[in-house]
Amino acid sequence: QVQLVESGGGFVQVGGSLRLSCAASGSGFSINLMGWYRQAPGKQRELVATVTSGAKINYSDSVKGRFTISRDNAKNTVYLQMNSLKAEDTAVYYCYAVVVRRDSPYDYNYWGQGTQVTVSS
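So, here's what we can say about the structure. Every value quoted in this text rests on a predicted model; they were computed, and no experiment measured them.

### So, the environment of Cys-22
- Within the element layout of this structure, Cys-22 appears in strand 3 (residues 18-26).
- Sequence separation between Cys-22 and Thr-77 is 55 residues, and the spatial gap between their C-alpha atoms is 5.4 Å.
- Setting aside residues no more than four positions away along its own chain, Cys-22 makes contact with Leu-4, Val-5, Glu-6, Met-34, Trp-36, Asn-76, Thr-77, Val-78 and Cys-95.

Written out as structure tokens, the structure reads:
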């Protein structure tokens, strides 16, 4: 099993910043992709940003220019620096990882439990 543990969520005012982190723990795996999704009440879960093992980064249009994703492969950790936060960024943010297990030819998807980000004026 792979566990993804998020931290860094909280309350912030419009225009403020937060930095989320997600650490993957376990054994017998390597990470192909890590990233962040979010889900606001009444909405579908949506992609925020991802980074692959090849360092390919993808952002949703709604966060481009404001959010920055980064990774530390040695620590199996991904970060999301969120700047210029808007009220519409309020959501539960979920860490996501695509991993390869030792001795398995398949990829597996893992999700963290989520961390609440609330942006208010």
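### Here we look at the state of the cysteines
- Here the structure, examined in full by the defined rule, presents one disulfide.
- Covalently, Cys-22 is tied to Cys-95 through a disulfide, its sulfur atoms 2.0 Å apart. In this structure the cystine formed by Cys-22 and Cys-95 twists about its S-S bond by roughly -85°; its chirality is therefore left-handed. Here Cys-95 lies in strand 9 (residues 91-101) and Cys-22 lies in strand 3, a separation of 73 residues in the sequence.
- You can call Cys-22 buried: its relative accessible area is 0%.
- Judged by its relative accessible area of 0%, Cys-95 falls in the buried class.

### So, the side chain of Arg-38
- Turning to its location among the elements, Arg-38 is positioned in strand 4 (residues 29-39).
- The exposure class of Arg-38 is buried, given its relative accessible area of 5%.
- A polar contact of 2.8 Å, which involves the side chain of Arg-38, links it to the side chain of Glu-46.
- Side-chain polar atoms of Arg-38 contact the side chain of Ser-62, separated by 3.2 Å.
- Discounting chain neighbours no more than four positions away, the residues touching Arg-38 are Gln-44, Arg-45, Glu-46, Val-48, Ser-62, Val-63, Phe-67, Glu-88, Asp-89, Ala-91, Val-92 and Tyr-93.

### Regarding the side chain of Thr-50
- Along the chain, Thr-50 turns up in strand 5 (residues 46-52).
- For Thr-50, a relative accessible area of 8% gives the class buried.
- What Thr-50 contacts, discounting residues up to four positions off in sequence, is Leu-33, Met-34, Gly-35, Tyr-37, Lys-56, Ile-57, Asn-58 and Ile-69.

Rules and cut-offs
Residues numbered from 1 in each chain as written. Predicted model: local features only at pLDDT ≥ 70, side-chain atom pairs only at ≥ 80, totals over all residues. Heavy atoms only, no water. Helix = DSSP H or I, 4+ residues; strand = E, 2+ residues; numbered from the N terminus. Contact = heavy atoms within 4.5 Å. Disulfide = S-S within 2.5 Å. Buried < 20%, exposed > 50% of the residue type's maximum accessible area, 1.4 Å probe, protein only. Polar contact = N/O pair within 3.5 Å; in protein donor to acceptor, adjacent residues only side chain to side chain.

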